[in-house]
Amino acid sequence: MEDRKVVTIEDRIPTLKAQRKQRANRRLIVYLSIFFFLILLIIYFQSSLSHIRTISISGNNYIATDEIEKMSGLDQSVSFWNINKKEVVSQIESSKEISSAIVTRQFPATVKIEVTENERVAYLKKGSKFFPILQTGTILDALKKGETPVNAPILLQWDESTELQEMAGELRKVKMSVINRISEIHYEPKGDNAFNLTLFMSDGYEVRTSISSFAERINAYPLIVKELQDKPKGILYLNEGSWLEPYEKVTEEKKES
């Protein structure tokens, strides 16, 4: 039988001590790492490093970006981790001009605010001032000096009456693609005349209709005009039915009279 090498406990003691020391060192390194990590976290949360550095706002066409930022209550003094998103959304949506808002955080220090504005369906002209009318029916303060109405018709010869409120309600139901084709809407009440509205369209037609069921009738405008594309332009009457009176005929009648 071959002689087996016998390792005594005395020979193993240095190896066991070295292993224990290595394990102790590893534990110390782990504890120190955790300790310094917690220290860094405390420093991060207590310093400006954890504050918002960028506020990105999108979706606004009419309201200024800095105005939305002001409404949000957010700035670079607010902690990135201490944002109450529900409260921020509520503050922004309190504006008459904003339909909805979404607030998200983007690491490391950016807050994104996406808004959906209430569309401007018309502008009420009073004197030299223009008052935006929202799809909710709300009439805003007059445009600032230098601002001009865009992408919505101008209401002329109206005052803030019941008829205007009714008209605002009808405009809410008109498709934006049709709204964008209307240049002006004149209110022309004449006794029992059913055609108390005159519209001037961007494609050259003049439309005579009424406030009653206005949205339903004007929403059909694109299809009606498509059928009339081979005919001369003129005054389009929209009521229970629709018919076209060419401008040439109107001119001749005026000459005869």
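The model shown is predicted, which means the values in this text are computed figures rather than measured ones. (Residues numbered from 1 in each chain as written. Predicted model: local features only at pLDDT ≥ 70, side-chain atom pairs only at ≥ 80, totals over all residues. Heavy atoms only, no water.)

Trainee: Please clarify how the packing of aromatic side chains should be interpreted in this entry.
Mentor: Working definition: an aromatic ring pair is given by the centre-to-centre distance plus the angle between the planes. One pass over the structure, following the stated rule, counts six aromatic pairs. Ring centres 6.1 Å apart and planes at 45° place the aromatic pair W81 and F107 in the tilted group. Taken together, the residues W81 in the loop between α2 (65-72) and α3 (85-93) and F107 in the loop between β2 (98-106) and β3 (110-117) connect sequence positions 26 residues apart. For W81, a relative accessible area of 41% corresponds to the partly exposed category. (Phe/Tyr/Trp six-rings, centres within 6.5 Å; stacked < 30°, edge-to-face > 60°. Helix = DSSP H or I, 4+ residues; strand = E, 2+ residues; numbered from the N terminus. Buried < 20%, exposed > 50% of the residue type's maximum accessible area, 1.4 Å probe, protein only.)

Trainee: What should I look at first to understand a nonpolar patch on the surface in this one?
Mentor: Together, V30, Y31, I34, F37, L38, L41, F45, W81 and F107 make up an exposed nonpolar region whose accessible area comes to about 950 Å². Mapped onto the secondary structure, V30 falls in helix α1 (residues 9-46). The class for V30 is partly exposed, based on a relative accessible area of 45%. (Patch = residues over 30% accessible without salt bridge, like charges linked within 9 Å, V, L, I, M, F, W, Y side chains within 5 Å. Areas by Shrake-Rupley, 256 points an atom, 1.4 Å probe, with all protein chains shown as cover. Salt bridge = Lys/Arg side-chain N within 4 Å of Asp/Glu carboxyl O.)

Trainee: How should the sheet that holds strand β4 (residues 120-126) be read in this particular structure?
Mentor: Strands belonging to one sheet form pairs held by backbone hydrogen bonds; the direction of such a pair is parallel or antiparallel. Read across the open sheet, the eight strands follow the order β5-β4-β6-β7-β8-β9-β10-β11; overall the sheet is mixed. The sheet is open, and its two edges are formed by β5 (129-134) and β11 (242-246), each paired on a single side. This sheet shows a mean twist of 25° between the axes of neighbouring strands, independent of strand direction. (Pairing = 2+ DSSP bridges. Axes fitted to C-alpha atoms, helices over the stretch in contact; angles between N-to-C directions.)

Trainee: Where do I start with unusual backbone geometry in this structure?
Mentor: A negative phi holds for most residues other than glycine; trans holds for most peptide bonds. Residues F107 and P108 are joined by a peptide bond in cis, for which omega reads 10°. Along the chain, the position of P108 falls in the loop between β2 and β3. The phi angle at N151 is positive, at roughly 55°, despite the residue not being glycine. For N151, the position within the fold is in the loop between β5 and β6 (154-156).

Trainee: I tried to follow the sheet that holds β2 on my own but got confused; where do I start?
Mentor: Spatially, β1-β3-β2 is the arrangement adopted by the three strands of the open sheet, whose pairing is mixed. Bordering the open sheet on either side are β1 (54-58) and β2, each of which pairs with just one other strand. Here the strands of the sheet are splayed against their neighbours by 20° on average, with no regard to which way each runs. Bridge count between β2 and β3: eight bridges; the pairing is antiparallel. Looking at β3, one finds that V103 is bridged to I113. Against the sheet, α2 makes contact with β1, β2 and β3, and its axis sits at roughly 120° relative to β1, the strand it touches most. Across the face of the sheet, α3 comes into contact with β2 and β3 while running at roughly 150° to β2. (Contact = heavy atoms within 4.5 Å.)

Trainee: Which parts of the structure should I look at to understand the packing of α2 against α3?
Mentor: A pair of packed helices can be characterised by two numbers: the angle between their axes and the separation between those axes. Contact geometry for α2 and α3: axes closest at 8 Å, N-to-C directions at 130°. As summarised for this structure, α2 and α3 are arranged oblique, according to the angle between their axes. Here the hand of the crossing between α2 and α3 comes out right-handed. Along its contact with α2, which presents I68, M71 and S72, the element α3 presents V88, Q91 and I92. (Parallel < 35°, antiparallel > 145°, perpendicular 65-115°, else oblique. Left-handed = near helix turned anticlockwise from the far one by under 90°.)

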